[in-house]
Amino acid sequence: MNMSVFFSILFNNKKKKTSYLNHINIYIIKMYAFLFMLTAFCLPVLLNASFIHKKPKVVSLQLSDEQFYLSTSFYIDNEKITFLLDSGSSDTWVFNSDLCSSCSSILSTQNAGQNTSYLFETTYFGGQSVKGSLFIADKVQLSKTILSNSFYYGLIDSSQNYVTSALLGIAKPEMQSQLLYNYKNGYNGTYPSLLDQIDGRNTYVVDLPNGKFSIGGCPKGYLSVPLNSSSDYYSIDIGEVGVIVKTQTTKKINKKKTTTIITQKYSKIEEDGNLSVILDTGASVLQLPTNITSSIVEKFSGSYWDDSQQSYMLQECPSNNDTLPVIVFAVSDKYGRTKNIKLRGQDLVVEVDSNVCALAITPSDFGVMGIPFFRSGTVAIDLDNQVMNWNGLVR
């Protein structure tokens, strides 16, 4: 059948007496033509659909290790603000320039955006607190991504015991202070998080070894550990805790040559205790039960407790990181298999003064994986799948 006959039958459909078989043939031709036109119209739409071959939007920012906190920067109304990155809280705030004119990251009321007239107030476990007003920024620039009239933050007028002038809270929205404490004249409800606004995957990636903090994207890790669903924080459960102790010896090969040999021995510290630990970029130390902390510390040569510093110190700063112990935490991966997370000893050592070193670990009634944990690997908080993806530097 040539094309002229095809379209003549399809669209003109002259009223002639035909057999029953001809009626069926015409119906089939019409049906195929309809499907052809439907496919031609819908296929481009389907190919452009968000769920087909569309790469998730990712915002990557620089991440810096400031020893006692992690920092990242972006622009609020053309002012570059450097934030303390805090995965243990949900509130974001910046000092008002009237509060601290000498601080580097501040905003004036004139360039802060829209004042919502709601009170902004939050208090932290360490006794720090901030108070001000809730603002919506006119424009926020995160790398190449622009957010307009949607970024909520506190412009702070008063503060107590705080060491930074800006903080970026990336914990769960239900941790926002007005929900926790029900402050008078506070915002009624939850304001949108960065994840809500970026339009990517529901994921934060803290890649301190490579100096990156990413919002959205597809996190990868050789170890996926379920997040503790019963906690309001990002937390995981750990079981057995141990330490790999390294011993360095020199072996003589011949009269002129020697070689260095490092042997390793694993020592169990804690049986399967099923301890829940918070993943907190805003904590400068590891916080673990006293018996675990003291057992880890004693594996560091020359360690002692200093009452005046209220911290563990080292008699000398380490000259060779290769001989420092490795801390091992047993976890269950998403398939229920027992795996190990290993933290390098050097990631607990902080030089607090010239050739004066402390250990970033302290005894506590609860568990917190602070900055030393993030120094030892890449941590992705994947909220879509409710897992922490871990890429450790030591395997």
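Residues numbered from 1 in each chain as written. Predicted model: local features only at pLDDT ≥ 70, side-chain atom pairs only at ≥ 80, totals over all residues. Heavy atoms only, no water.

**A short note on the overall build of the protein chain**
The number of helices and strands found in the protein chain is 6 helices and 27 strands. Evaluated residue by residue, the protein chain yields a buried proportion of 45% over its 395 residues. In the protein chain, the proportion of contacts linking residues at least 24 apart, taken out of those at least 6 apart, comes to 65%. Taken as a whole, the protein chain presents about 21600 Å² of accessible surface, with 48% of it coming from carbon and sulfur. (Helix = DSSP H or I, 4+ residues; strand = E, 2+ residues; numbered from the N terminus. Buried < 20%, exposed > 50% of the residue type's maximum accessible area, 1.4 Å probe, protein only. Contact = heavy atoms within 4.5 Å. Areas by Shrake-Rupley, 256 points an atom, 1.4 Å probe, with all protein chains shown as cover.)

**A look at a nonpolar patch on the surface**
A contiguous nonpolar surface patch, about 240 Å² in accessible area, is contributed by F68, V352 and V356. Locating F68 in the fold gives a position in the loop between strand 1 (58-65) and strand 2 (70-76). A residue is classified by how much of its surface remains accessible, and F68, at 45% relative accessible area, is partly exposed. (Patch = residues over 30% accessible without salt bridge, like charges linked within 9 Å, V, L, I, M, F, W, Y side chains within 5 Å. Salt bridge = Lys/Arg side-chain N within 4 Å of Asp/Glu carboxyl O.)

**Thoughts on the nonpolar core**
Core analysis: the largest hydrophobic core is formed by 71 residues, its most contacted members being I76, Y153, F213, I236, L279, F373 and M388. Once residues lying within four places of it in the same chain are set aside, the contact partners of Y153 are I76, T92, V94, L107, A112, S133, L134, F135 and A137. Listed in part, the 16 residues of the second largest apolar core include W93, F95, C100 and Y191. (Core = buried A, V, L, I, M, F, W, Y, C linked by side-chain atoms within 4.5 Å.)

**Digging into the packing of aromatic side chains**
Counted according to the given criterion, the structure contains 15 aromatic pairs. Relative to Y191, the ring of Y152 lies with its centre 5.4 Å away and its plane at 5°, an arrangement referred to as stacked. Of this pair, Y152 sits in strand 8 (residues 145-160) while Y191 sits in the loop between helix 3 (177-181) and helix 4 (194-198), placing them 39 residues apart in sequence. For Y191, a relative accessible area of 5% corresponds to the buried category. Joined through ring pairs, the aromatic side chains of F74, F83, F135, F151 and Y153 make up one cluster. (Phe/Tyr/Trp six-rings, centres within 6.5 Å; stacked < 30°, edge-to-face > 60°.)

**Overview of the pattern of salt bridges**
Considering all chains together, one arrives at 5 salt bridges under this definition. R337 is paired through a salt bridge with D333; the nearest N and O atoms lie 2.8 Å apart. In this structure D333 comes out as buried when scored by relative accessible area, which is 5%. Across the pair R344 and D347 runs a salt bridge, and its minimum N-O distance is 2.9 Å. For R344, a relative accessible area of 22% corresponds to the partly exposed category.

**Let's talk about helix 5 (residues 290-297)**
Within the span of helix 5, buried status applies to I292, T293, I296 and V297. All buried residues of helix 5 project into a common sector of 125° when viewed along the axis, lining one side. (Arc of directions from axis to C-beta.)

**Re unusual backbone geometry**
A positive phi angle, near 60°, is found at S143, a position not held by glycine. Relative to the helices and strands, S143 is located in the loop between strand 7 (129-142) and strand 8. Residue N149 is not a glycine yet carries a positive backbone phi of 50°. For N149, the position within the fold is in strand 8. Classification of N149 by relative accessible area gives exposed; the value is 52%.

**Describing the state of the cysteines**
According to the stated counting rule, one finds 2 disulfides in the structure shown. Note that C100 is cross-linked by a disulfide to C103, the S-S spacing being 1.8 Å. The sign of the S-S torsion, about 80°, decides the handedness of the disulfide formed by C100 and C103: right-handed. Here C317 engages in a disulfide with C357; their sulfurs sit 2.0 Å apart. Taking the sign of the S-S torsion, about 105° here, the bridge from C317 to C357 comes out right-handed. Of this pair, C317 sits in the loop between strand 19 (311-314) and strand 20 (326-332) while C357 sits in strand 23 (residues 356-359), placing them 40 residues apart in sequence. Judged by its relative accessible area of 17%, C317 falls in the buried class. With relative accessibility at 4%, the residue C357 sits in the buried group. Here the bonded cysteines of the protein chain are numbered in sequence order, and their pairing is 1-2, 3-4. (Disulfide = S-S within 2.5 Å.)

**What about the confidence of the model for the protein chain?**
Should pLDDT be low for a region, the predicted coordinates there are not to be read in detail. Of all residues in the protein chain, 84% attain a pLDDT of 70 or more, and the chain-wide mean is 85. In this model residues 1-18 is a low-confidence stretch, pLDDT under 50, and it forms 13 contacts with partners more than four residues away in sequence or in other chains. Low pLDDT, under 50, characterises residues 49-53; the stretch is placed with 3 contacts to residues that sit more than four places away or in other chains. (pLDDT = per-residue confidence, 0-100.)

**Side note on the sheet that holds strand 21 (residues 338-344)**
The strand order across the open sheet formed by 4 strands is 15-14-20-21, and the pairing between neighbours is antiparallel. Every other strand in the sheet has two partners, leaving strand 15 (258-270) and strand 21 as the edge strands with one partner each. Within the sheet, the average angular offset between the axes of one strand and its neighbour, ignoring direction, is 30°. Where strand 20 lies against strand 21, 7 bridges are found, and the strand directions are antiparallel. By the bridge assignment, V328 is partnered in strand 21 with K342. Here helix 5 sits on the sheet and contacts strand 14 (241-252), strand 15 and strand 20; the angle it forms with strand 15, its principal contact strand, is near 170°. (Pairing = 2+ DSSP bridges. Axes fitted to C-alpha atoms, helices over the stretch in contact; angles between N-to-C directions.)

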